[in-house]
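Analysis of the macromolecular model
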Amino acid sequence: MTDTLSARPTSGTEGDVPSAAIAGLRPPSNPTTAAEAAAWYALRLGWQIVPGSPMLAVLGSRVPGAAQLGAVDVPALVGAAALERIGKATGACGPITDGQGRMRFLVDLADTTEDEHAWLEDWRAAGVDLRVIGEGGYCPLPTPGMVGRSRVVWTVPPDPDRPTLPAARCITAALDRAVRDAYPALWHVPTRGTSA
């Protein structure tokens, strides 16, 4: 099974939305087709999109509201627990997708170093798969018409009028606390990140 977050797009699909799909199209406020959604993501949000099912946001680039678009990818149960902590306000947590058993928090990776998230390795070693994905990665986005197990939906949709994304460290700190609350037996795991 291919991990859509790190897999390279198939030949001929990489890049922005094809100009034919968006020529003269004003992005709709409520996209109902894959072409409309791709246009909305590209034109209204300024995200680089790889068309397909699901569509993928290209991570690592500058977008409105983030110097470097990234995703914090976690199991859905951990993501839901963290969301209870930070609330569902777009300004607090940014856009969040849910699908394929995972929640993905879209974040700004600016001024983030690899060492800053090295403690995630400790949780992975304990069996809790938390990942921070940036340049070279992809994030599946909700795609109209997509059904079944691979369907992705918005838990918190993006707000083009409030595009600023939270810093990755704010989201990972909430996730660390949520994991400690949800899995108290793992408290003995030595973490290098934020304190509980």
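Everything that follows concerns the structure shown earlier in this document.
The paragraphs below set out a description of the structure included in this document. The residue numbers shown here count from 1 along each chain, following its written sequence. Residue-level local features of this predicted model are given only where pLDDT is at least 70; pairs of side-chain atoms are given and counted only at 80 or more, and the full residue set underlies all totals for whole chains, interfaces and linings. The side-chain values count all of the structure's non-hydrogen atoms but skip hydrogen atoms and water molecules.

Next up on the list: the overall build of the chain. Of the regular secondary structure elements, the chain holds six helices and eight strands. Starting at the N terminus, helices and strands are each numbered in turn, a helix being any DSSP run of H or I of at least four residues and a strand any DSSP run of E of at least two. In the chain, the succession of helices and strands from N to C terminus is α-α-β-β-β-α-α-β-β-α-β-β-β-α. Under the scheme applied here, a residue whose accessible area is under 20% of the maximum for its type counts as buried, over 50% as exposed, and between as partly exposed, the area being computed with a 1.4 Å probe on protein chains only. Out of the 196 residues in the chain, the part that is buried amounts to 42%. Of the contacts made within the chain by residues no fewer than 6 positions apart, 74% connect residues no fewer than 24 positions apart. Taken as a whole, the chain presents about 9600 Å² of accessible surface, with 52% of it coming from carbon and sulfur. The criterion used for residue contact is that any of the two residues' heavy atoms lie within 4.5 Å. Surface accessibility follows the Shrake-Rupley procedure with a 1.4 Å probe radius. Residue values consider only the protein chains on display as shielding.

All right, on to the packing of aromatic side chains then. Ring pairs (aromatic) are described by centroid distance and by the angle formed between their planes. Pairing of aromatic side chains here covers Phe, Tyr and the six-membered ring of Trp, requires ring centres within 6.5 Å, and sorts the geometry by plane angle: under 30 degrees stacked, over 60 edge-to-face, intermediate tilted. By the definition in use, this model includes four aromatic pairs. Their ring planes at 65° and their centres at 6.3 Å tell us that tyrosine 41 and tryptophan 154 sit as a pair that is edge-to-face. Here tyrosine 41, found in helix α2 (residues 34–44), pairs with tryptophan 154, found in strand β8 (residues 152–156); they are 113 residues apart in sequence, far enough to count as distant. By relative accessible area, tryptophan 154 is classed as partly exposed at 22%.

Pairing between strands is defined by DSSP: at least two bridges between them are needed. Pairing in this open sheet of five strands is antiparallel, and the strands run β6-β3-β5-β4-β8 from one edge to the other. Unpaired on one side and paired on the other, β6 (131–133) and β8 mark the two borders of the sheet. Across the sheet, the axes of successive neighbouring strands diverge by a mean angle of 25°, strand direction being ignored. The pairing of strand β3 (residues 69–75) with β6 spans three bridges and is classified as antiparallel. In the strand pairing of β6, valine 72 is matched with valine 132. Axes, fitted as lines to C-alpha atoms, cover a helix only where it is in contact. Angles between the N-to-C directions of the axes lie from 0 to 180 degrees. Helix α6 (residues 168–182) contacts β3, β5 (102–108) and β6 of the sheet and is inclined by roughly 145° relative to β5.

Take the pattern of salt bridges next. The rule for a salt bridge is simple: a side-chain nitrogen of Lys or Arg has to be within 4 Å of a carboxyl oxygen of Asp or Glu. Inspection of every chain in the model, using the stated rule, returns eight salt bridges. Between arginine 44 and aspartate 161 there is a salt bridge, with the nearest N and O atoms lying 3.3 Å from each other. You can see arginine 44 sitting in helix α2 and its partner aspartate 161 sitting in the loop between β8 and α6, a full 117 residues away along the chain. Residue aspartate 161 is classed as exposed on the basis of its relative accessible area, which comes to 62%. Within this structure, Asp73, Arg102, Arg104, Asp129 and Arg131 form a network of salt bridges that share partners.

The subject of this paragraph is the side chain of threonine 97. Among the structural elements, threonine 97 can be located in strand β4 (residues 96–99). Classification of threonine 97 by relative accessible area gives buried; the value is 0%. Contact partners of threonine 97, with chain neighbours within four places excluded, come to Arg102, Met103, Arg104, Cys139, Pro140, Leu141, Pro142, Val152, Val153, Trp154 and Thr155.

Attention now moves to unusual backbone geometry. Despite not being glycine, glutamine 100 has its phi angle at roughly 60°, a positive value. Relative to the helices and strands, glutamine 100 is located in the loop between β4 and β5. In this structure glutamine 100 comes out as partly exposed when scored by relative accessible area, which is 31%. Phi is positive for aspartate 111, which is not a glycine, with a value near 60°. Tracing the sequence through the fold places aspartate 111 in the loop between β5 and α5 (120–125). Exposure remark for aspartate 111: the relative accessible area of 70% places this residue in the exposed category.

Here we take up the pairing of strand β7 (residues 138–141). Of the two faces of β7, the one lined by Tyr138 and Pro140 and the one lined by Cys139 and Leu141 are each fully buried. Here strand β2 (residues 55–58) runs beside β7; their pairing, made up of four bridges, is antiparallel. Residue methionine 55 lies in a different strand from β7, and its bridge partner there is leucine 141.

Geometric values such as these leave the question of function open.
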